[in-house]
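# Observations on the three-dimensional arrangement
Below, each chain spelled out in residue letters.
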Amino acid sequence: MGIAFPIPDDAILARRDQIIAGLSSLVPPSSLVTTEDERRAFETDALTAYRKMPLAAVLPTTTEEVAAVLRFCHENGVKVVPRGAGTSLAGGAIPQEDAIVLGVGKMAKVLDINFGDRTMRVQAGITNLAISNEVADKRFFYAPDPSSQLACTIAGNIAMNSGGAHCLRYGVTTNNILGVRMVLIDGTIVDIGSDAMDAAGLDLLGLVIGSEGQLGVVTEAVVRILPMAEGARPVLFGFASSEAAGAAVAAIIGAGIIPVAMEFMDKPAIDICEAFAHAGYPTDCEALLIIEVEGSDGEMDAMLARIVAIAKEHGVKTVKESKSAMETALIWKGRKSAFGATGRIADYICMDGTIPTGQLPYVLRRIDEIVKSYGLRVANVFHAGDGNLHPLVLYNCNDPVEAANAEEAGNDILKLCVEVGGCLTGEHGVGIEKRDLMRKQFNEIDLAQQMRVRAAFDPLWLLNPAKVFPLDGRVSA
Amino acid sequence: MSASLFAEDELSATIRKAFADKTPLAIHGANTKAGIGGVVKNAAEISTQGLSGITLHEPAEMVISALAGTPLAEVERRLAAQGQMLPFEPGQWGPLFGAASEATIGGIAATNQSGPRRVTAGACRDSLIGVRFINGKGESVKSGGRVMKNVTGLDLVKLLGGSWGTLGILTEVTFKVLPRPETAVTFTLHGLDDQRAIEAMSAALGSPFDVSAAAHLPSSVERVPMTLLRLEGFHASVAYRFDRLKDLLKRFGPANRIEAEASSVLWKQIGEVTPLSEPRGTALWKISLAPSKAPHFLASIKAQLSARYLLDWGGGLIWFQTDAKSDAGAALIRANLAGTGGHATLIRAPGAIRDAVAIFEPASDALMKLQAAIKASFDPAGILNPGRMAPLL
């Protein structure tokens, strides 16, 4: 496969026993993973085509242990790959042979909830869904909802600035975090932000969120919790073409309506998800929009009436409203299982580019052409309101030619996204997957500026070093 | 080449020369906030006002781009014509300093200036999705773009937002925007003290009724204290939510209603701190603190300082006016904020006090060291607004 890893440092590999001995003096035995069998659990993430066995995995239970481990690694020149739940689709948590994995999964407690201030302090290893579950009985929730929310951690969400299906209304991770406790590579513990609505000085919080584990290791976070709407109702809109669905999306926004979610699926994706979830998706349509509205019954009825009227102007074929909580759950189960359901029928590469929504029809047509030119198939699911695409390029991983073609097709799609004014990644992150495409979006000056900022935190490039920035041309402070 | 690109090239050349000569530069848009922050000493003036004009507006994509020197009012007019608005509701702070000029969109971004809707729609930095800027070496750098979901590379957009010209000179900014609501009304409660007002605002903001702004005018600025909750949206929905809010907040007494036009004037005044604008000679603080901690904090400092104030952001923002005497209360205010997670910025004070007092909350040593290293990565010669945010920035 095509993505390069740095050549491991022999001097570090030769010192493995010594490094493990050093680490074992810093954390309890249950926090240190050294046997080959157990380390295997950490050799990849959700980009499973790539695997590298780390020196060891360390799973601290306190911020102070994280600080001790980082200080030790800094003093000994050992690279560190931070890890949440290992659900990165971009390879953000894939280790390298001369690095340790530093996992925050054992730090998963809720530390404080303040409903009046609408904030919650959590340890960073808590899962995204556990945060919402913790406050659900009071009818609050944590807004960003990546499809992996059952497993993914807030630490990983912060590293990748994760999104989800509802960010059209509620924003992404960076809009929903007020503060973090973070350990720098030299072991210094810093508090960035707090439970106040903004922080003094430069916006370090905004910089840290989405920095893919390259600036420090986050061990605690203060998140915003929001009151749930009185009700929420997803509605299925089936269209005869992707163009018609895309035009309807633009018209809805143009009419001043911001639904909480507008999700798009094309015919292959509809079929795959319906076969898996039996959510009642219309399988006689070429394109499906799941549009969710919120509010009281009266408000939802009024809002839906406006949306239906617009959809009709754009030739909608079927409109199907959820009539019960169970149907709502099924509709979202189908959408959120799109990747998993696709995995049942083929191997796939999941792309994550964002495009200006006005380019939707053109880009969908080009994606189809690109994928066909490699002799492959594609299923499209995406967040229509914000232009964040997830083309799933289907292939057979046991066929090396198909696998290479799938990667090439994916790269072509991402270049297309940049060409039309969009970007390489909307919510999954760069990781290793898009690292070598960064020069398509940024010139050398842009990249050098980013790398100098990165080096201000980690001058030796020890934190998650093989990610985000092309391996050649690296810049230090 | 368009005039603005030419201007940007010229600007770049000027910065390159200043970098070579190590000439400090005082950077501004329309200079409406010149009174905020440390005075930049011995500097050549750089204005972005030559870079003006809207460069992109796609209503259906909810995005607008403008050169940094474009007047805020021009951006707002263009959006309003399409039934849209900037989500974070910036205002004009010039009148606080007696400045007649109008803020630029670049100045709003560089100071992360946000108004009442910030409590629910996020700050300026939350809507800022793309920037182009010239760093301290004269290089033109871009970050972010025109799409609202973008995690490609480090988020320098956030870092530049609110950096007060210390990291780069913004040349173009891109914002995501929102539809302008069909109507807005304000729900009012009367006679509440700070504690009760914050309880009412928290109850409202924690309800499903989509309150878009929450402020409190205590007895020092309003004869009978008034707590304000704004509802925005389609007419029928606003009417419904108004009634539900009335039920929810019964225990805080009878409610009144301020209709669309008057409501809009009122919130503009709150965003522009009009009730505390005069007398001009007083000092004005902007204090960020979690709402639940505000009553105790206010009680502590009111006992020792002259105090006129108002609360915005559901109590999470305290605008505090006090006499411009001695340190304008800096030591007392900051001592009472210690350990709370809150911080205070001295927005307005006479020159002698500005010289003597840290304008922005001083950072811990570790965070100051990081910020200085970041500054050096953008501006190695330290020529961009040196000392505006802190001695090392």
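Look above for the structure.
Residues numbered from 1 in each chain as written. Chains lettered and ligands numbered in written order. Predicted model: local features only at pLDDT ≥ 70, side-chain atom pairs only at ≥ 80, totals over all residues. Heavy atoms only, no water.

### So, the overall build of chain B
- Helix and strand counts for chain B come out as 13 helices and 17 strands.
- Taken against the 2.2 N^0.38 rule, which gives 21 Å for 393 residues, the C-alpha radius of gyration of chain B at 21 Å falls within 12% of a compact globule.
- On the principal axes, the C-alpha backbone points of chain B span a range of 65 × 50 × 35 Å.
- For chain B, buried positions account for 61% of its 393 residues.
- Only carbon and sulfur atoms are counted for the fraction: they give 54% of the accessible area of chain B, which is about 13800 Å². (Helix = DSSP H or I, 4+ residues; strand = E, 2+ residues; numbered from the N terminus. Rg over C-alpha atoms; globule rule 2.2 N^0.38 Å. Buried < 20%, exposed > 50% of the residue type's maximum accessible area, 1.4 Å probe, protein only. Areas by Shrake-Rupley, 256 points an atom, 1.4 Å probe, with all protein chains shown as cover.)

### Structural notes on the packing of helix α17 (residues 444-457) of chain A against helix α13 (residues 365-378) of chain B
- It is the contact of α17(A) with α13(B), at a shortest axis distance of 9 Å, that shows an interaxial angle of 155°. When the interaxial angle is binned, α17(A) and α13(B) end up roughly antiparallel. In this structure, α17(A) meets α13(B) at a crossing whose hand is right-handed. Within the contact between the two elements, α17(A) uses Gln449(A), Arg452(A), Val453(A), Ala456(A) and Phe457(A) and α13(B) uses Leu370(B), Ala373(B), Ile374(B), Ser377(B) and Phe378(B).
- Among the residues forming the contact of α17(A) with α13(B), the class breakdown is 7 nonpolar, 2 polar and 1 charged. (Axes fitted to C-alpha atoms, helices over the stretch in contact; angles between N-to-C directions. Parallel < 35°, antiparallel > 145°, perpendicular 65-115°, else oblique. Left-handed = near helix turned anticlockwise from the far one by under 90°. Contact = heavy atoms within 4.5 Å. Nonpolar A, V, L, I, M, F, W, Y, C, P; charged D, E, K, R; others polar.)

### Thoughts on empty space enclosed by the protein
- Per the stated rule, a full pass over the model turns up 5 cavities of 30 Å³ or more.
- Secondary structure elements with two or more residues in the lining of the largest cavity: α5 (124-127), β6 (128-135), β7 (140-144) and α6 (156-160) of chain B.
- Residue composition of the lining of the largest cavity, grouped by class: 10 nonpolar, 10 polar and 6 charged.
- Taken as a whole, the second largest cavity holds about 80 Å³ of empty space.
- Considering the residues around the second largest cavity, the lining is formed by 13 residues, among which Asp386(A), Glu61(B), Arg146(B), Val147(B) and Met148(B) are closest to the centre.
- Residue composition of the lining of the second largest cavity, by class: 7 nonpolar, 3 polar and 3 charged. (1 Å grid on protein atoms, 1.4 Å probe; cavity = no way out; pocket = protein on both sides within 12 Å on 5 of 7 lines; lining within 4 Å. Points joined across faces, edges and corners; volume = space filled by probe spheres on them.)

### Thoughts on the interface of chain A and chain B
- Residue-level contacts link 88 residues of chain A with 74 residues of chain B.
- Here chain A packs against chain B, burying approximately 6200 Å² in sum over the two surfaces, 59% of which is carbon and sulfur.
- The largest per-residue losses of area from chain A upon contact with chain B belong to Met197(A), Leu202(A) and Gln449(A), which jointly make up 12% of the total buried on that side.
- Where chain A packs against chain B, one counts 11 salt bridges.
- Between Asp195(A) and Lys293(B) there is a salt bridge, with its nearest N and O atoms 2.6 Å apart.
- On inspection of chain A and its partner chain B, the count reaches 30 residue pairs in polar contact (both at pLDDT 80 or more).
- Looking at the side of chain A that touches chain B, the elements that each hand over two or more residues are α7 (167-170), β9 (189-193), α8 (204-208), α9 (242-254), α11 (297-313), α16 (438-441) and α17 of chain A.
- Of all the elements, α17(A) adds the most residues to the side of chain A that touches chain B, at 9 residues. (Buried area = accessible area lost by both parts, 1.4 Å probe. Salt bridge = Lys/Arg side-chain N within 4 Å of Asp/Glu carboxyl O. Polar contact = N/O pair within 3.5 Å; in protein donor to acceptor, adjacent residues only side chain to side chain.)

### Regarding the sheet that holds strand β3 (residues 54-58) of chain B
- The sheet built from 5 strands is open, its strands ordered β3-β4-β8-β6-β7 (chain B) with antiparallel pairing. In the strand order of this sheet, the two ends are held by β3 and β7 of chain B, each with one partner. On average, adjacent strands in this sheet sit at an angle of 15° to one another, irrespective of strand direction.
- Bridge count for strand β4 (residues 63-67) of chain B against strand β8 (residues 168-176) of chain B is 5 bridges, and the pairing is antiparallel. By the bridge assignment, Ala66(B) is partnered in β8(B) with Val173(B).
- Together, β6 and β7 of chain B form the strand contacts of α17(A), whose direction differs from that of β7(B) by roughly 75°.
- Set on the sheet, helix α2 (residues 72-81) of chain B makes contact with β3 and β4 of chain B; between it and β3(B) the angle comes to about 25°. (Pairing = 2+ DSSP bridges.)

### Here's the deal with the pairing of β7(B)
All names here are of chain B.
- Pairing of β6 with β7 involves 5 bridges; the strand directions are antiparallel. Bridging across to β7, Phe133 finds its partner in Val141.
- Between β6 and the antiparallel strand that follows it, β7, lie 4 residues; Gly138 among them carries a positive phi value of about 90°.

### Some thoughts on the pairing of strand β15 (residues 308-312) of chain B
Residue and element names in this part refer to chain B.
- With 4 of its 5 residues buried, β15 lies for the most part within the structure.
- One ladder, built from 5 bridges, connects β15 with strand β16 (residues 317-322); its direction is antiparallel. Residue pairing in the sheet places Arg308 in a bridge with Gln321 of β16.
- Counting the residues in the hairpin turn of β15 and β16 gives 4 residues, including Trp313, whose phi is positive at 50°.

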